[in-house]
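# Coordinates in review
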Amino acid sequence: MSGAERGPWPAYQWPEGKRSAFCLSVDVDADAPYLWAQRRPEDARMLGQLEQRRFGLRQGIWRLLDLLDRFGVKGSFFVPGVVAEANLHLLPAFLERGHEVGLHGWFHEIVAQSSDAEFTAALEASLELFRRQTGAAPRGFRSPPGR
């Protein structure tokens, strides 16, 4: 069944003969949520959670980038400042492969648990770090969880 037969509306005309579109975006949270949770002793979690979160930076993200390269797909990667700071090669690697990098807080702050001043300071520190590492501001912002 063609697209036009699926409903009373006309088929969408994609540019250049394309048949569809998608948006690929990845939150490179790594250990940022763990570090956020560790700021208060009563919120302490198991150390194993930290190790689980580091797998992505050691292997997972590079496998994903290789897969995207193989198919010529570009994505947007949203990175907390603390992750970019600890992995100096990360933001430049995304940009070298033609992907966008976006801001995702500093410690993946939970907005409801942050004062306006704390959240503003986190954003300003992240912006400065992104500019220092890449020579430009991030292409976008994805808020950490709004809880």
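### Concerning the sheet that holds strand β1 (residues 25-27)
Spatially, three strands are ordered β1-β2-β3 in an open sheet, and the strand pairing comes out parallel. Lying at the two open borders of the sheet, with one neighbouring strand each, are β1 and β3 (100-103). When strand polarity is set aside, the average angle formed by the axes of neighbouring strands in this sheet is 25°. Sheet analysis places β1 next to strand β2 (residues 76-79), joined by three bridges and oriented parallel. Counted as the bridge partner of V26 is F77 from β2. Packing against the sheet, helix α5 (residues 116-134) makes contact with β2 and β3, and its axis sits at approximately 155° to β3.

### Points about the pattern of salt bridges
Enumeration over the complete set of coordinates arrives at five salt bridges. The shortest N-O distance in the salt bridge between D69 and R97 comes to 2.7 Å. With D69 in helix α2 (residues 47-71) and R97 in the loop between α4 (90-96) and β3, this pair connects stretches of sequence that are 28 residues apart. With a relative accessible area of 36%, D69 lands in the partly exposed category. For the salt bridge of E128 with R132, the shortest nitrogen-to-oxygen distance reads 2.3 Å. With E128 and R132 both in helix α5, this residue pair falls four residues apart, about one helical turn. For E128, a relative accessible area of 40% gives the class partly exposed. R132 sits in the exposed class, given a relative accessible area of 51%. Because the salt bridges share partners, they merge into one network encompassing D66, D69 and R97.

Quick notes on the rules
Residues numbered from 1 in each chain as written. Predicted model: local features only at pLDDT ≥ 70, side-chain atom pairs only at ≥ 80, totals over all residues. Heavy atoms only, no water. Pairing = 2+ DSSP bridges. Helix = DSSP H or I, 4+ residues; strand = E, 2+ residues; numbered from the N terminus. Axes fitted to C-alpha atoms, helices over the stretch in contact; angles between N-to-C directions. Contact = heavy atoms within 4.5 Å. Salt bridge = Lys/Arg side-chain N within 4 Å of Asp/Glu carboxyl O. Buried < 20%, exposed > 50% of the residue type's maximum accessible area, 1.4 Å probe, protein only.

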